[in-house]
Structure formats: structure tokens, C-alpha cells
Amino acid sequence: MLFSMITITAIVLTYTHVLIASCLILLVLFLLYQLKLELSRQIIIASFRTVVQLSLIGLILAWIFAREQWYEVLTILSIMTIIATVTAKNRVKKPYVGITWDTLLALAGSAWLVLLVGVIVVMQVSPWYRPQFIIPIMGLILGNALTGISLSMNQLIENLHREQASIHMQLSLSATPWEASRRYVILAINNGITPTINSMMVVGLVSLPGMMTGQILAGADPQQAVLYQIVTMFFITASSTFGCVLACLLIYRRFFNNRQQFVIPTL
């Protein structure tokens, strides 16, 4: 009842507001110059890419939102998945043959599963491919899942490389491949999902997440903004966990052949 009595007015931003906000970047560049830090070029490039990429995606989304064609929505989601896969794969320091497919399977499998369950079963969006809902949610899921998956993959590969002697010794003592590597798989999964868990622990106390902040700034009911954020946090946690587990299991299989021998896959 309290929230229903509150009138929230959204502030419409223009390019003038963006130009004024860019002055903060100029102050940052000046500070970096005074401190002799070699980050100015990266910030300029990152700022330029931010403006260009978001402007382009804004035009594309406006066009897609107006048309609401399922095949166009699926095309955008597929492109987002491929870009996320390449990004996650490129973060792995010790790649191997087949890493692209493993990353794609882990990321796409977890993200698409959670997305479809979330949109169709939880939110009951009709039709299910409404771009207003499915594209932003997919972006949130992929962005967080790729971070967790890349963290898990990096740690597991690093541990398996470093602990070769220990794994060979355990295998020689009749341990199964899973018994010899289980500890490293669990550590990698834990490393991948820890950032997401930490975010959930402090959400609403230390930080207001992007979706909730965006909705409130746009004039949405704070109660609805909170419910949307809770639901999306559950989506993100589920997809990150599924993705990390699947990625680690796929990597585990790469490091053992059909005769249960430990091998180091290379490019």
C-alpha cells in the first residue's frame, strides 16, 4: 500500500546528458596522466566501444522489439551465445584441442536451459520469444555464466597440469580417474560459482544490481523491481552452477583416455 502511494517520475536522458557524463571520463584521463599510468589509451578505446556498441545494439533492439519475430530473436540469442563462448574460451590460459566445443556446450547448455525454464515456466511470458524479456535476461545469464565457467576452466586445467605426478601416483595405486581428479574438479567448481554466491550474499545491502537499478531509474514500482531482481539472481546462480559443473566434467574427460590413462591435451 505504501509503494502504491509513491509517484515515481522517470528522467528522460538525452545526448546532452551523455556528453556531460563523459566529462567524468576526461577527469579520469587527466588523473591517470598526472600519475603517469599507462591506462589512458585503454580507457579511451573502452569508452568509444561502449558508446558505439550500445548505440548499435539499441537500434537493433528497437527494430527487433517492434517486429517480434521468433527467428530474429533466436538469431540474436545465438550470436550472443557465440560471442560469450569466444570470450570465455579466450580467457583460458592453457587451451587445448576441443576447448571451443567444450566451452560452447557448457555455456549454451546451461544458459539456454535456464533461460527457457525461466521464461516459459517461471515468468510465463507469452509468446515465449518476446524480445522485451528474453534478450535482456539472456544477456544477464550469459554475462555471469561465462565469468564463472572461465574461472572454473582455468583453475581445473592449471591444477591438472601442476598435479600430474600426484595423479599418476594415485592411478598407479589403483585409484580411478575420478578418484584421482575429484578434488581438483570440486575446487574448480567452487572457484567458479563463488563470485555469484558472494554477490547474492550482499545484494540489497552493499549493492543494488543492474536490473533493479535500471527499473527503478526508469520509474518502475520498487516492489516489482525487487521481484525481478530476485528471479534473475536465481537464474544467474543456476546457470553459473550448471555451466561450471558441465565445463569441469568435459575438461575432466579430456584429460583421461579410453584406457583411463592421464593425458595432457594440447592444441
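Residues numbered from 1 in each chain as written. Predicted model: local features only at pLDDT ≥ 70, side-chain atom pairs only at ≥ 80, totals over all residues. Heavy atoms only, no water.

Draft legend 1. Broad picture of the nonpolar core. The biggest cluster of nonpolar side chains holds 48 residues, and the ones touching the most others in it are Leu 115, Ile 135, Met 153, Leu 156, Leu 160, Ile 167 and Ile 251. In contact with Leu 160, not counting residues within four places along its chain, are Ile 167, Ser 181, Tyr 184, Ile 251, Phe 255, Phe 262 and Ile 264. (Core = buried A, V, L, I, M, F, W, Y, C linked by side-chain atoms within 4.5 Å. Buried < 20%, exposed > 50% of the residue type's maximum accessible area, 1.4 Å probe, protein only. Contact = heavy atoms within 4.5 Å.)

Draft legend 2. Up close: the environment of Phe 30. Positionally, Phe 30 belongs in helix α1 (residues 15-34). Judged by its relative accessible area of 53%, Phe 30 falls in the exposed class. When the C-alpha positions of Phe 30 and Ser 40 are compared, they lie 8.7 Å apart, and in sequence the two are 10 residues distant. (Helix = DSSP H or I, 4+ residues; strand = E, 2+ residues; numbered from the N terminus.)

Draft legend 3. Structural detail: the packing of helix α6 (residues 164-172) against helix α7 (residues 177-202). Close contact between α6 and α7 brings their axes to 8 Å; oriented N to C, the two are set at 150°. Accordingly, the angle class assigned to the pair α6 and α7 is roughly antiparallel. The two elements α6 and α7 cross, and the hand of that crossing is right-handed. Within the contact between the two elements, α6 uses Ser 166, Ile 167, Gln 170 and Leu 171 and α7 uses Pro 177, Glu 179, Ala 180 and Tyr 184. (Axes fitted to C-alpha atoms, helices over the stretch in contact; angles between N-to-C directions. Parallel < 35°, antiparallel > 145°, perpendicular 65-115°, else oblique. Left-handed = near helix turned anticlockwise from the far one by under 90°.)

Draft legend 4. Layout of the packing of helix α5 (residues 131-162) against helix α9 (residues 222-254). In contact at an axis separation of 8 Å, α5 and α9 are set at 35° when each is read in the N-to-C sense. Considering how the two elements wind past one another, α5 and α9 form a crossing that is right-handed. For the contact of α5 with α9, a count of residues per class yields 18 nonpolar, seven polar and no charged. (Nonpolar A, V, L, I, M, F, W, Y, C, P; charged D, E, K, R; others polar.)

Draft legend 5. Quick look at the confidence of the model for the protein chain. On average, the protein chain scores 89 in pLDDT, and the residues at 70 or more come to 96%. When pLDDT is averaged over each helix and strand of the protein chain, the minimum, 73, is found for helix α8 (residues 210-217) and the maximum, 95, for helix α4 (residues 99-122). Taken together, the stretch residues 1-5 has pLDDT below 50 and engages in three contacts with residues farther than four places along the chain or on a different chain. (pLDDT = per-residue confidence, 0-100.)

Draft legend 6. How the structure looks around the environment of Gln 132. Relative to the assigned elements, Gln 132 resides in helix α5. Of the residues examined, Gln 132 reaches a relative accessible area of 45% and is grouped as partly exposed. When the C-alpha positions of Gln 132 and Val 263 are compared, they lie 47 Å apart, and in sequence the two are 131 residues distant. Here Arg 130 takes part through its side chain, which lies 3.1 Å from a polar atom of the side chain of Gln 132. (Polar contact = N/O pair within 3.5 Å; in protein donor to acceptor, adjacent residues only side chain to side chain.)

Draft legend 7. Structural detail: the layout of surface pockets. If you add up the space inside the largest pocket, you get close to 920 Å³. Forming the boundary of the largest pocket are 23 residues, of which Gln 53, Leu 54, Ile 57, Met 80 and Ile 83 lie nearest the centre. With 10 residues, helix α2 (residues 40-67) is the largest single contributor of residues to the lining of the largest pocket. Its residues placed into classes, the lining of the largest pocket shows 15 nonpolar, six polar and two charged. (1 Å grid on protein atoms, 1.4 Å probe; cavity = no way out; pocket = protein on both sides within 12 Å on 5 of 7 lines; lining within 4 Å. Points joined across faces, edges and corners; volume = space filled by probe spheres on them.)

Draft legend 8. Quick peek at unusual backbone geometry. For the bond running from Ser 126 to Pro 127, omega is -10°, close enough to zero to count as cis. On the secondary structure map, Pro 127 appears in the loop between α4 and α5. Despite not being glycine, Ser 174 has its phi angle at roughly 80°, a positive value. By the element assignment, Ser 174 lies in the loop between α6 and α7. Here the phi dihedral of Gln 260 falls at roughly 60°; this positive angle occurs in a residue that is not glycine. Structurally, Gln 260 is set in the segment after α9.

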